[in-house]
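Observations on the three-dimensional arrangement
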Amino acid sequence: EYRQATFVWNSHQVATMLDDELEQTAIHEVVHCLNAALWESLSENQKNKLSKLNELATENVARVIIHLYKGATP
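Residues numbered from 1 in each chain as written. Predicted model: local features only at pLDDT ≥ 70, side-chain atom pairs only at ≥ 80, totals over all residues. Heavy atoms only, no water.

One turn of the α-helix equals 3.6 residues, which is why residues spaced by three or four share an orientation. A maximum bend of about 60 degrees is found in helix α3 (residues 44–69) at Leu50. Burial in α3 covers these residues: Lys47, Asn54, Thr58, Ala62 and Ile66. Packed against the buried residues of α3 are α2 (19–40). Of the residues trailing α3, Gly71 is marked for its positive phi of about 90 degrees. (Bend = angle between axes of the 7 residues up to and from the residue. Helix = DSSP H or I, 4+ residues; strand = E, 2+ residues; numbered from the N terminus. Buried < 20%, exposed > 50% of the residue type's maximum accessible area, 1.4 Å probe, protein only. Contact = heavy atoms within 4.5 Å.)

On to α2. Given a rise of 1.5 Å per residue, 22 residues ought to cover 32 Å, and the 31 Å separating the end C-alpha atoms of α2 matches this to within 8%. Along α2, the largest kink reaches about 45 degrees and is centred on Leu34. Among all positions in α2, only Ile27, His28, Val31 and Trp39 are buried. Check the buried side of α2 and you find it contacts α3. (Expected span 1.5 Å × (residues − 1).)

Any link to function would need more than the numbers given here.
Next comes the structure, spelled out in structure tokens:
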């Protein structure tokens, strides 16, 4: 149930992105997928209150993954 995701990319925007930017964006969006089950369990009111924290948590996890992926030590 939670192991499928679909990404819709703006090909014009992607064509102008540097490889690093595209990689970072893809990882960020995959982290959103990982968090989706928790996020979707919230009410609309909770989502409105927590949307900035959701984005912060997503970006923080994405940065750790990118950091580790690039071979750096934490």
